[in-house]
Structure formats: structure tokens, C-alpha cells
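This is what each chain is made of:
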Amino acid sequence: MDTNWLTDFLVLSKRGNFSQAANERNITQSAFSRRIKALEIWLGTELFDRSSYPVTLTAEGETFLGTAQNILRELDLNRVEFQRRSAASTPDLRLAASTSLALSFVTDWLGQIREACGVFSVSIDTYDFFEMIELLDERKMDLVVLYYKPEASTFFEHQAFDALKLGEDAMHLCTALDAEGRPAYDVDNPPRGGLEYIGYGQTGYFSKIEDLIFAGMTPQDPTFVCTSQSGTCEFMKRLAVMEQKMLWLPSCSAHEAVKSGQLALAGDGRYDTSLEIWVYKKRDAPSPLVQKIWTHLKSNPGTGHLEKYRLR
């Protein structure tokens, strides 16, 4: 049953005239009549005595009148309540970021923004790289913070998005430590089977960065052998430590593990590569808060704390 039929029924019961009721409902009289008839068929009884003018309610119509009024009243009360709850639970800013940035860079960055733009509530979520593009395009996210490398294009170059470069980071080749606390691998003296590493799954952006690194290698470089893949830096770190493997990590993700002695930098930097951190928004984002934050970031990207993550 279409709830419009209930409203049609109530209007006709008040007007007693099909033409006037149809005008009030802003539809043609024939369409209005069909909807009333559809309601009667659905209920299995006639609701109006059409032999009189103006039309009047039948006994069944009188009984159904209170029911229709109660149904629409309850629906309206529920709608208002659900909208109120939704408005109360929706944060002022919806932010998505890659896992490594969400767990490191973003917290201090948001703190600096709040100091300049005032207090606001925020939700921070991480998704697959392509999901974040889709969510931003569909206005289900206000801002997206991601790593970027000019040589590895992303879909964020699309004209529907605005973009700001916030700062710079680096992708480091790291190695786990062996049982004696020494680097498990030495790139200058690789084992016969090659340097075993944990790679990035092909659905993530870092897989493109990895491809660029390998594309820049020469026949004189050691052989790297991928033993497993994942799209999440944090999981890859744990796996690399547990299995004593190598992997590439951005500084923000590698910093704590290197400083705590779980991982060590490898290759003297020759297999590292530069990264940039960018923030994106929908070009015509309507939120005044988003516009205020964007204006602030243009003059102050709030990335001074990146220095504490630097490893070389």
C-alpha cells in the first residue's frame, strides 16, 4: 500500500469532492480517482458512497478514518524523531584517511585545525582507497587525507575535487630483526633465494608506489621476492616482524616500530621514495565548516608535527 493513498483518503473525506481533492493533492482527477479505488481494492471494501453529492464515507470508511489518521500521525512522529536522532548523531566533520595517516598524522593535524577554526565534532574512518573516492564523490565524506606521488596518478585529479598539498613524507624500505636483534636482511648481501618482503595488495594505492620502486631498479639490484600481500600498513608491520621479512612503509607508519627496535631501515635509503600528503574535498561542498577549514589550510596546512616522524 502507498501511504499517499491514506492522505488522498483523508483529503477526500474532508472535501467530499473528487475534483477539489485532486486539486489539493496536485494531481489529475482521473489519477486521484484511481488511487482511491486502489486503496479500496487493497482494503477489500468501498470507503465512499459515490451516489451522493458531496460523496460521503461509508460505514467502513468511517471506521477506517481513525485508522488512517493514526497511521499517518505515527509515521510523521517517527520521521521527526528519526531525523532528530540522525541530526544529533551526525558529526560536524566526516573525515576519511588511509590507515597509516589516521593512526599517526591526522590526530595532531586536527588538533591544530581546531585551535584555528573552533571546536567541532569529527568522525575518522578508514576505507579502501577506491571506496574513499566514491564516498567523497557521493558527499558521504567531507574531507579525505591520503598519500600521493605525482608519478602515480589517482582518481582525485578529477575536476569534481579540490586538492591541497599538506606536506611531505617518505616510503622507507624496512627489515625486521632476527632473534639476535640484528637486521634479518642485508640488501648488500642478499640470500640466494632473494630478499623476502610483504607487499601491498593491488587494490591499494601503495601498490602503485611499489611498482614505481621496482620499475626504477636495475639488473644489478638484488632480487625481491613477495611472500604475502596486504593493503594495510599496520597488519603488514606485524606480519613482517612475526615472519622476519622486509617491507616498504611510510615514515608515519614505520616511525614507532623503528624507534622501538622492531624494524630497522634498510638499503641506506637507495630503495626509498618520496611521498606527499594531500587533502581532498568535493569542489562544491556546501558545509560552511568545511569551507572555513579549507581556507585555513590554504595558509596553514598544519604539518609541523611531521618532523617527529622523519627517519632519515
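Refer to the structure printed above.
Keep in mind that this is a model prediction, so the values were computed, not measured.

Time to look at the packing of helix H1 (residues 3–15) against helix H3 (residues 29–43). Two numbers describe how H1 lies on H3: the axes approach to 9 Å, and their chain directions differ by 110°. With respect to each other, H1 and H3 are oriented roughly perpendicular. Together, Asn 4, Trp 5, Leu 6, Asp 8, Phe 9 and Leu 12 of H1 and Phe 32, Arg 35, Ile 36, Ala 38, Leu 39 and Trp 42 of H3 make up the contact between the two elements. Partitioned by chemical class, the residues of the contact of H1 with H3 number nine nonpolar, one polar and two charged.

For the rest of this paragraph, the subject is the environment of Pro 222. Within the secondary structure, Pro 222 is located in the loop between helix H8 (206–215) and strand E8 (224–230). The class of Pro 222 is buried, set by a relative accessible area of 15%. Between the C-alpha atoms of Pro 222 and Ala 31, which are 191 residues apart in sequence, the distance is 77 Å. Excluding residues that lie within four positions of it along the chain, Pro 222 makes contacts with Val 187, Pro 190, Leu 195 and Tyr 271.

Below, the discussion takes up the environment of Cys 117. In this fold, Cys 117 is placed in helix H6 (residues 105–117). Aside from chain neighbours lying at most four places away, what touches Cys 117 is Lys 292, Ile 293 and His 296.

Let us now look at the packing of aromatic side chains. Enumeration over the complete set of coordinates arrives at 15 aromatic pairs. For the ring pair Tyr 200 and Phe 206, a centre distance of 5.2 Å and an interplane angle of 75° mean the geometry is edge-to-face. Take Tyr 200: its relative accessible area is 2%, and that puts it in the buried class. One Lys or Arg, Arg 114, reaches over the ring of Phe 120 and ends 5.0 Å from the middle of that ring. Positioned over the ring face of Trp 294 is Lys 281, at 5.3 Å from the centre of the ring.

Of the volumes computed, that of the largest pocket is approximately 350 Å³. As for the largest pocket, its lining consists of 20 residues, of which Ser 98, Tyr 127, Gly 204, Tyr 205 and Gly 231 are closest to the centre. For the lining of the largest pocket, the secondary structure elements donating two or more residues are helix H5 (99–102), helix H7 (129–137), strand E5 (143–148) and H8. A breakdown of the residues in the lining of the largest pocket according to their chemical character gives nine nonpolar, ten polar and one charged. Within this model, the second largest pocket holds a volume of roughly 170 Å³. Lining the second largest pocket, in full, are Glu 234, Lys 237, Arg 238, Val 241, Glu 256, Ala 257 and Gln 262. Among the residues making up the lining of the second largest pocket, the classes are represented as two nonpolar, one polar and four charged.

Time to look at unusual backbone geometry. Cis rather than trans, the peptide bond between Tyr 53 and Pro 54 has omega equal to 0°. Assignment of secondary structure puts Pro 54 in the loop between strand E1 (48–49) and strand E2 (56–57). The residue Asn 26 is not glycine, and still its phi comes out positive at about 60°. Here Asn 26 shows up in the loop between helix H2 (18–24) and H3. Of note, the phi angle at Gln 244 is positive, near 55°, even though the residue is not glycine.

Further remarks concern the state of the cysteines. For the coordinates displayed, the defined rule picks out zero disulfides. With no disulfide of its own, Cys 233 has Cys 252 as its nearest cysteine by sulfur position, at a separation of 10 Å. On the accessibility criterion, Cys 233 (5% relative accessible area) is buried.

Below, the discussion takes up the packing of H6 against helix H11 (residues 288–299). For any two helices packed against each other, one specifies the crossing angle of their axes together with the interaxial distance. As a packed pair, H6 and H11 sit with axes 10 Å apart at the nearest point and diverge in direction by 105°. Judged by the angle between their axes, H6 and H11 are roughly perpendicular. Contact residues: H6 offers Trp 109, Gln 112, Ile 113, Ala 116 and Cys 117, while H11 offers Lys 292, Ile 293, His 296 and Leu 297. Its residues placed into classes, the contact of H6 with H11 shows six nonpolar, two polar and one charged.

Parameters and conventions
- Residues numbered from 1 in each chain as written.
- Predicted model: local features only at pLDDT ≥ 70, side-chain atom pairs only at ≥ 80, totals over all residues.
- Heavy atoms only, no water.
- Axes fitted to C-alpha atoms, helices over the stretch in contact; angles between N-to-C directions.
- Helix = DSSP H or I, 4+ residues; strand = E, 2+ residues; numbered from the N terminus.
- Parallel < 35°, antiparallel > 145°, perpendicular 65-115°, else oblique.
- Contact = heavy atoms within 4.5 Å.
- Nonpolar A, V, L, I, M, F, W, Y, C, P; charged D, E, K, R; others polar.
- Buried < 20%, exposed > 50% of the residue type's maximum accessible area, 1.4 Å probe, protein only.
- Phe/Tyr/Trp six-rings, centres within 6.5 Å; stacked < 30°, edge-to-face > 60°.
- Lys NZ or Arg CZ within 6 Å of the ring centre and 35° of its normal.
- 1 Å grid on protein atoms, 1.4 Å probe; cavity = no way out; pocket = protein on both sides within 12 Å on 5 of 7 lines; lining within 4 Å.
- Points joined across faces, edges and corners; volume = space filled by probe spheres on them.
- Disulfide = S-S within 2.5 Å.

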